[in-house]
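An overview of the molecular structure
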Amino acid sequence: MRTDRIVCLLALGLCLSATTTLVASDADNKKQAGLNKDVVAEVGGKPLTMADLQQKEGGKLLQAEFQFYLQQQRALEDLINDHLLTEEAARRHMTQEQLLTTEVYKEVKDPTEDQLEVYYEGLDSKEPYQAVREEVLQHIRELRRTKARAAYMEKLRSAAKIDVVLMPPSADVDIQKSYANGSKSAPVVIIEFADYECPYCQKVNPQMQQLKKDYGDRLAIVYKDFPLPMHHSSQKAAEASRCAGEQGKFLEYHDVLYYSRMLDVAALKEHARTLKLDTDRFDNCLDTGMEAPAVKKDLEEAKSLGLSGTPSFFVNNHFFSGVVDYAPLKTMVDQQLALQARPHPRADETKQVGHVKATESVETIAAKK
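Here the focus is the overall build of the chain. Broken down by element type, the chain carries 13 helices and nine strands. Out of the 369 residues in the chain, the part that is buried amounts to 35%. Carbon and sulfur atoms provide 54% of the accessible area of the chain, an area that totals close to 22800 Å².

See below:
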């Protein structure tokens, strides 16, 4: 009996020892994983970290991350709309389908026979009208319902409090020696990589001026040169604006270039005379390429960031591209101001979208697309 007890105790001791060893080993593994959580590869025993990847290949990643952000943004819009519809339907003690049928689609009328025939004629179809009539009817009906739903969603959204905190990818941009309209310590700083010969940059410039006027000291606009290779006058125009900047007239000269769209060297020098600059000093600056290295530095930075077109924006270092209208620019600024005004949530707080708990993640919605 005593022998059996001793054997049992020895076996228990071995089990405890093994368990302790396993726990310690697991803890070591977790600790090692924590130490190496930023390591993405090892080459010849030398670790390469995520920071190395971002530093060397950040430009390639930025564009990919921005495209993913656009997908997330579209998915988020769907998520918000679905939530608003669900809440409104619940308030009316209906299902979503009942709400859409009784409130949204009730005013949608089917096209007349004449309208269907006119639409059919525009299709250039080889099939007879009667063969495709039902398909045409359903298509037009769906278009009208989509338009009605969009109008109804706009009404729901305007009545709701929606704070979107989803942000595009960010990158560090050097603005230390860049010219700016406003203080670089303003709550919102928009960095614009632009080309004076780019028609989209020319179009967006008045919008940027209006934005600065509307937001005053809360906004600064920083200008970076990105002369594209297909625009043969943009390099010298960028140099000329910096030559004017050396005499304290960068902003004035910058705007003259966009409004006049006259960028040959003779015109660049004439602009300096119009602004009453020291023309000898300006001409010497332009002719000798004194500002060419500064323009090249901006250009190389744009390339390192993976930028491929103009205008490209960084709003508080968050990347945006393809924006040339006032409304999205204003949305960017408002979003940044709102984010700075809101209290920072605790780590254990439930994530919310539009102040409502999200039942499905943005990533899940995106995966369904």
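Moving on, we get to the environment of Lys276. Within the secondary structure, Lys276 is located in the loop between helix H9 (265-274) and helix H10 (279-287). As for Lys276 and Lys249, which are separated by 27 residues in sequence, their C-alpha atoms are 9.7 Å apart.

The next thing to look at is empty space enclosed by the protein. The gaps left among the atoms become clear once a water-sized probe is rolled over them. With the rule as written, the count across this model stands at two cavities of 30 Å³ or more. Within this model, the largest cavity holds a volume of roughly 60 Å³. Lining the largest cavity, in full, are Glu192, Ala194, Asp195, Tyr196, Tyr223, Lys224, Asp225, Phe250, His254 and Tyr258. Contributing elements (two or more residues each) for the lining of the largest cavity: strand S4 (188-194), strand S5 (219-225) and helix H8 (250-260). When its volume is computed, the second largest cavity comes out at roughly 30 Å³. Looking at the second largest cavity, the residues that line it are Asn181, Asn205, Met208, Gln209, Ile221 and Tyr223.

The next point concerns the sheet that holds strand S3 (residues 179-181). What the five strands build is an open sheet, ordered S3-S5-S4-S6-S7; its pairing is mixed. In this open sheet, the two strands that pair with only one neighbour each are S3 and strand S7 (318-321). Neighbouring strand axes in the sheet, compared pairwise and without regard to direction, differ in orientation by 25 degrees on average. Summarising the sheet, S3 and S5 pair through three bridges and their orientation is antiparallel. Among the inter-strand pairings, Tyr179 is bridged to a residue of S5, identified as Tyr223.

The subject of this paragraph is the state of the cysteines. Counted according to the given criterion, the structure contains one disulfide. Note on Cys198: no disulfide assigned, nearest cysteine sulfur contributed by Cys201 at a separation of 3.3 Å. The exposure class of Cys198 is buried, given its relative accessible area of 3%.

Moving on: the packing of aromatic side chains. This structure, assessed with the given rule, holds nine aromatic pairs. With a centroid separation of 4.9 Å and 70 degrees between ring planes, the pair formed by Phe66 and Phe319 is classed as edge-to-face. Here Phe319 lies in strand S7 and Phe66 lies in helix H2 (residues 50-91), a separation of 253 residues in the sequence. In this pair, the class of Phe66 matches that of Phe319, namely buried. With centroids separated by 5.6 Å and ring planes inclined at 40 degrees, the aromatic side chains of Tyr253 and Phe282 adopt a geometry described as tilted. You can see Tyr253 sitting in helix H8 and its partner Phe282 sitting in helix H10, a full 29 residues away along the chain. Looking at Tyr253, the relative accessible area reads 0%, which means it is buried. When its relative accessible area of 0% is taken as the criterion, Phe282 is described as buried. One aromatic cluster is present, built from ring pairs that chain together Phe66, Tyr69, Phe193, Phe314 and Phe319.

The contact between helix H7 (residues 234-245) and H8 brings their axes to 7 Å, and the two run at 150 degrees. Accordingly, the angle class assigned to the pair H7 and H8 is roughly antiparallel. Considering only the axes of H7 and H8, their crossing is right-handed. Taken together, the residues of H8 that come into contact with H7 (itself represented by Ala237, Ala240, Ser241, Arg242, Ala244 and Gly245) are Phe250, Tyr253 and Leu257.

A separate point is the side chain of Asp298. Mapped onto the fold, Asp298 is located in helix H11 (residues 292-304). Of the polar contacts made by the side chain of Asp298, one reaches the backbone nitrogen of Asp225; its length is 2.9 Å. Contact partners of Asp298, with chain neighbours within four places excluded, come to Phe193, Tyr223, Lys224, Asp225 and Arg242.

So, on to the confidence of the model for the chain. Mean pLDDT over the chain stands at 84; residues scoring 70 or higher make up 82%. Within the model, the stretch residues 1-35 combines pLDDT values under 50 with zero contacts to residues more than four positions away or in other chains.

This structure, assessed with the given rule, holds 18 salt bridges. Among the ionic pairs, Asp298 bridges to Lys224, the shortest N-O distance being 3.2 Å. With a gap of 74 residues between them, Asp298 in helix H11 and Lys224 in strand S5 connect regions that are remote in the sequence. Since its relative accessible area comes to 5%, Asp298 is described here as buried.

With that settled, consider the nonpolar core. Formed by 76 residues in total, the largest nonpolar core has its most connected members in Ile190, Phe193, Tyr253, Phe282 and Phe314. Residues Leu116, Tyr120, Val136 and Leu137 belong to the second largest nonpolar core, which totals seven residues.

How each quantity is defined
Residues numbered from 1 in each chain as written. Predicted model: local features only at pLDDT ≥ 70, side-chain atom pairs only at ≥ 80, totals over all residues. Heavy atoms only, no water. Helix = DSSP H or I, 4+ residues; strand = E, 2+ residues; numbered from the N terminus. Buried < 20%, exposed > 50% of the residue type's maximum accessible area, 1.4 Å probe, protein only. Areas by Shrake-Rupley, 256 points an atom, 1.4 Å probe, with all protein chains shown as cover. 1 Å grid on protein atoms, 1.4 Å probe; cavity = no way out; pocket = protein on both sides within 12 Å on 5 of 7 lines; lining within 4 Å. Points joined across faces, edges and corners; volume = space filled by probe spheres on them. Pairing = 2+ DSSP bridges. Axes fitted to C-alpha atoms, helices over the stretch in contact; angles between N-to-C directions. Disulfide = S-S within 2.5 Å. Phe/Tyr/Trp six-rings, centres within 6.5 Å; stacked < 30°, edge-to-face > 60°. Parallel < 35°, antiparallel > 145°, perpendicular 65-115°, else oblique. Left-handed = near helix turned anticlockwise from the far one by under 90°. Contact = heavy atoms within 4.5 Å. Polar contact = N/O pair within 3.5 Å; in protein donor to acceptor, adjacent residues only side chain to side chain. pLDDT = per-residue confidence, 0-100. Salt bridge = Lys/Arg side-chain N within 4 Å of Asp/Glu carboxyl O. Core = buried A, V, L, I, M, F, W, Y, C linked by side-chain atoms within 4.5 Å.

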